Amino acid sequence: MGGLLAAVERLRAIGGKQLADVVITLVVAVAAAAAALYLNTTVPVRLIERQTEDFRVARGAPPARGDLVVVKIDDDAINAMRESSPCHCLAPINKAWLGDLLAALDAKGPKAIVVDYLLDIWSSDEEFNDFQARIASTTHPIIVGVDPNLKAGVDFPVAPKLLYADARALMHNDVDDIIRKYDPKPSQYWSLSGRAALALGDKSPPDKPFTIRYREPDPKLTAENLGAITPSYSAAFAPFLPAEFFKDKVIFIGSVTRSAHADSDTLKEDMHMTPLRFLPGHVQGTPGVEVHVHALAQMLEHDRIKAPGTIWSAAIVLLAALIGALIGRSTQALWISLGTVLALIVLFGVGAFYAYQQLALMLPMMAPVIGFAFGFFVLSRLSAAELQTQRAFYSSTLERYLAPQVIDRMVEGGEAVTIGAEEREITVMISDLENFSNLVASLDLETFEGVINEYFDGVIDILWKHEAMIDKMTGDGIIAIFGAPVPSTDHADRAIACAREIDVYAKEIRRRMIERGIRFGYTRMGISSGVGLVGNFGGERRFNYTAYGEVVVIAARLEAANKTFGTRILFSGDTLRLARQEVPIEPVGEIDLKGVPVPIPAYTSPTDDGPRE
């Protein structure tokens, strides 16, 4: 950070503050974007990015088509298959039982039937011929899976009623083994869904791997069907269901081992982790046959997940880093900056979610967030370091004049400070301690030092509380200015409130001193408001920030007039005119002041109900 500060100072020396700020902000933004893009290639960040994508895929899924249905090989279907077999065995599916199921479903008028099982191994010619005889009456396309390494007609007999496809279309991610992509043509054969799309009349289904845009689960399904994309019926009962359940629909037959209870005697097989794992019914995986259904629904609707290319992704990350740097460069309070950062990150996340839901646009999330955070962190630390340096500078030069909170506002850029002389409306307060000379003469040096320091410590704390600038300390008196060097619109109110509080404090310290046997006088104050000439006055070797003008003269004369009128606070009519807050006010009358050409209306503000002393 020290090196960065030094670079900023050199840039400012060469091209000025504005150019330096622009250059350093751009440099930090580019560096933050480059770091974010690099981190985005690492495994941990990629895993988190995949999680954000999966959440959008699961929660922002579009509705499913209504012309798809699953006939599931579940516990009931396996038991029915086993009972129909003379040997009560499965290897892995009873072909005779499957043939009867296909014939029964075909009679119900579907668009097509897709079988997520391999039908390239036959125990005998008799088994194959028997299967062909059972499906001889079918009229709708039947797509089945085969091993793409086997040659049709050579390695296995070809059934004219069947369309052969490669069932190995589900692509596992190399990072976390989640099924996010589908290969519509993984070999010489089309995939099950790709072949089904062709059979349904799609002349140009995709032939390259694509990211699956999973569909929304059917909200009407519950129990063991919870989470399914489409209604699912057990193959044990499907032949007996009404034809309208299957008419003009694409039927997928496959293993579905979801169960409404945990003690199912069927192993959960052909289950795959997918982005849908965030949803009920998919926590333990999604049946492979349903993944094929999702892919076909997407293919039939020509729906694709879009993602910005490399250049656009880099531009998004750079923009995020630049926004982070600009926010970090601001001198807002820390909690405001952090709140803004969190709000923008949440806003970006919500925007990315809706971009996917409405436009199928998958925006990157981790790299922009990292770039944003890096840009914010570096520039916020730089601003903090500059602020600390500025604070030290201002404090060392101004702490003798101004209240700490005024210095803070100046350093943080909340107030403008004009260096040099200017005319400005201000309020001047001048105080004096009664019988100060007698006090000095009556006390030994050590006691006097303790008494006067105790008095001034309290008065100065009150002056700083009301954001006064201490112009001079004149032995027993103080000249204070309100409204400079930091402009304020309530300088008159501040001065009156400050004088009243000093009066209360001065009476209390007087009481304590008298109890100690010290003859301590009252504090008298004069206040005047008006236009004065304020700024740095002096020479090259020494100067002082002070005020000149009639407003200072009137304040001094009013302070002296307190002795004549028996008051402790006197302020001019101009001060009363500018004051907005209501405090006890008593008119004293128009008084002639030395050096002032016209009588001045004067007022006092008692701080007790007793007579003035």
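Residues numbered from 1 in each chain as written. Predicted model: local features only at pLDDT ≥ 70, side-chain atom pairs only at ≥ 80, totals over all residues. Heavy atoms only, no water.

## Details of the overall build of the protein chain
Rules: Strands here are runs of E lasting at least two residues and helices are runs of H or I lasting at least four, both read from the DSSP assignment and numbered beginning at the N terminus. Throughout, exposure labels follow a simple rule: accessible area from a 1.4 Å probe, protein chains only, divided by the maximum for the residue type, with under 20% read as buried, over 50% as exposed, and the rest as partly exposed. Note on definitions: a residue-residue contact is assigned when non-hydrogen atoms from the two residues lie within 4.5 Å. The Shrake-Rupley method, run with a 1.4 Å probe, gives the accessible areas here. Residue values count only the displayed protein chains as cover.
Across its full length, the protein chain carries 17 helices and 19 strands. Counting all 613 residues of the protein chain, 48% fall into the buried class. If you take every contact in the protein chain between residues at least 6 apart in sequence, the share linking residues at least 24 apart comes to 73%. About 29,500 Å² of surface is accessible on the protein chain, with carbon and sulfur atoms providing 58% of the total.

## Some words on the layout of surface pockets
Formally: Of the two site types, the cavity is a set of points on a 1 Å grid over the protein atoms alone where a 1.4 Å probe fits but cannot get out, and the pocket is an open set with protein on both sides within 12 Å along at least five of seven lines, each lined by residues with an atom within 4 Å of a point. Grid points are joined across faces, edges and corners, and a volume is the space filled by probe spheres set on the points. Residues are grouped as follows: nonpolar covers Ala, Val, Leu, Ile, Met, Phe, Trp, Tyr, Cys and Pro; charged covers Asp, Glu, Lys and Arg; every other residue, Gly included, is treated as polar.
The computed volume of the largest pocket comes to approximately 630 Å³. Residue lining of the largest pocket: 26 residues in total, with Glu49, Arg50, Glu53, Ala307 and Met362 positioned closest to the centre. Those elements that place two or more of their residues in the lining of the largest pocket are α3 (43-59), β5 (170-172), β6 (179-182) and α9 (310-329). Counting residues per element, the lining of the largest pocket draws most heavily on α3, at 6 residues. Broken down by class, the residue content of the lining of the largest pocket amounts to 14 nonpolar, 5 polar and 7 charged.

## Considering the packing of aromatic side chains
The line we're drawing: Centres within 6.5 Å are what make two rings of Phe, Tyr or Trp a pair, Trp counting through its six-membered ring; a difference in plane orientation under 30 degrees is then read as stacked, over 60 as edge-to-face, and the rest as tilted. For a ring to carry a charge above it, either NZ of a lysine or CZ of an arginine must fall within 6 Å of the ring centroid while also lying within 35 degrees of the normal to the ring plane.
Counted under the stated rule, the structure contains 12 aromatic pairs. Here tryptophan 122 and phenylalanine 131 contribute two aromatic rings whose centre-to-centre distance is 5.2 Å and whose plane-to-plane angle is 50°, an arrangement assigned as tilted. Consider the rings of tyrosine 233 and phenylalanine 245, whose centres lie 5.3 Å apart with planes at 25°: the pair is stacked. Highlighted residues: tyrosine 233 in strand β8 (residues 232-234) and phenylalanine 245 in the loop between β8 and β9 (250-255), separated in sequence by 12 residues. The class for phenylalanine 245 is partly exposed, based on a relative accessible area of 28%. Among the aromatic residues, those joined into a ring-pair cluster are Trp122, Phe128 and Phe131. Its end group placed over the ring of tryptophan 122, lysine 95 keeps NZ or CZ at 5.0 Å from the ring centre.

## Regarding helix α15 (residues 491-515)
To keep it simple, the criterion reads: Here the expected span of a helix is defined as 1.5 Å times the quantity of residues minus one.
Taking 1.5 Å per residue as the helical rise, α15 with its 25 residues ought to reach 36 Å, and the 36 Å between its terminal C-alpha atoms agrees with that figure. Glycine 517 sits one or two positions beyond α15 and adopts a positive phi of about 85°.

## Here's the deal with the packing of helix α14 (residues 445-465) against α15
Just so we agree on the cut-off: The convention used is that axes are lines fitted to C-alpha atoms, helices contributing only their stretch in contact, and that angles between N-to-C directions extend from 0 to 180 degrees. Any angle that falls under 35 degrees is termed roughly parallel, while one over 145 is termed roughly antiparallel, one within 65 to 115 roughly perpendicular, and all others oblique. Crossings are assigned a handedness: left-handed for a near helix turned anticlockwise from the far helix by less than a right angle, right-handed for a clockwise turn.
Two elements in contact, α14 and α15, have axes whose closest approach is 10 Å; the angle formed by their N-to-C orientations is 160°. Classified by the angle their axes make, α14 and α15 are roughly antiparallel. Two packed elements cross with a definite hand, and for α14 against α15 that hand is right-handed. Residues Val451, Glu454, Tyr455, Gly458, Val459, Ile462, Leu463 and Lys465 of α14 pack against Cys498, Glu501, Ile502, Tyr505, Ile509, Arg512 and Met513 of α15. Class assignment for the residues of the contact of α14 with α15 results in 10 nonpolar, 1 polar and 4 charged.

## A few points about the sheet that holds β6
Rules: Between any two strands, at least two bridges found by DSSP are needed for them to pair.
Pairing within the open sheet is antiparallel, and its 3 strands lie in the order β5-β6-β7. Each end of this open sheet is capped by a strand with a single partner; those strands are β5 and β7 (210-211). Bridge count between β5 and β6: 3 bridges; the pairing is antiparallel. Its bridge partner lying in β6, leucine 170 is registered against tyrosine 182.

## Comments concerning the side chain of aspartate 303
The condition is simple: In the analysis that follows, any N or O atom pair within 3.5 Å is treated as a polar contact, provided that within protein one partner can donate a hydrogen and the other can accept it, and provided that, for residues neighboring in sequence, both atoms belong to side chains.
Structurally, aspartate 303 is set in the loop between α8 (288-300) and α9. The exposure class assigned to aspartate 303 is buried, which follows from its relative accessible area of 13%. A polar atom in the side chain of aspartate 303 sits 3.2 Å from the side chain of arginine 213. Those residues in contact with aspartate 303, other than ones at most four positions away along the chain, are Pro62, Arg213, Arg215, Gln298 and Ala360.

## Quick word on the confidence of the model for the protein chain
To be explicit about the condition: By definition, pLDDT measures how confident the predictor is in each residue, and it falls between 0 and 100.
Here the protein chain shows a mean pLDDT of 87. Residues at 70 or above account for 85%. The low-confidence segment residues 260-267, where pLDDT is below 50, has 9 contacts with residues more than four positions distant or belonging to other chains. A low-confidence stretch, residues 609-613 (pLDDT under 50), is modelled with 8 contacts involving residues beyond four sequence positions or located in other chains.

## Details of a nonpolar patch on the surface
Note the cut-off: Patch membership needs two things, relative accessible area over 30% and no salt bridge, and members are linked within 9 Å if like-charged or within 5 Å if nonpolar (Val, Leu, Ile, Met, Phe, Trp, Tyr). Note on definitions: salt bridges are taken to be side-chain nitrogens of Lys or Arg within 4 Å of carboxyl oxygens of Asp or Glu.
There is a patch of nonpolar side chains on the surface, built from Leu319, Ile323, Leu344 and Leu347 and spanning about 350 Å² of accessible area. Every element with two or more residues in the nonpolar patch is listed here: α9 and α10 (334-359). Secondary-structure assignment places isoleucine 323 in helix α9.

## Section: the sheet that holds strand β3 (residues 142-145)
Taken in spatial order, the 6 strands of this open sheet run β4-β3-β2-β9-β1-β8, and their pairing is parallel. Two strands bound the open sheet, and with one partner strand each, they are β4 (162-165) and β8. For this sheet the average axis-to-axis angle between neighbouring strands, irrespective of direction, equals 25°. In terms of strand pairing, strand β2 (residues 112-118) meets β3 through 4 bridges, oriented parallel. Residue leucine 118 lies in a different strand from β3, and its bridge partner there is glycine 145.

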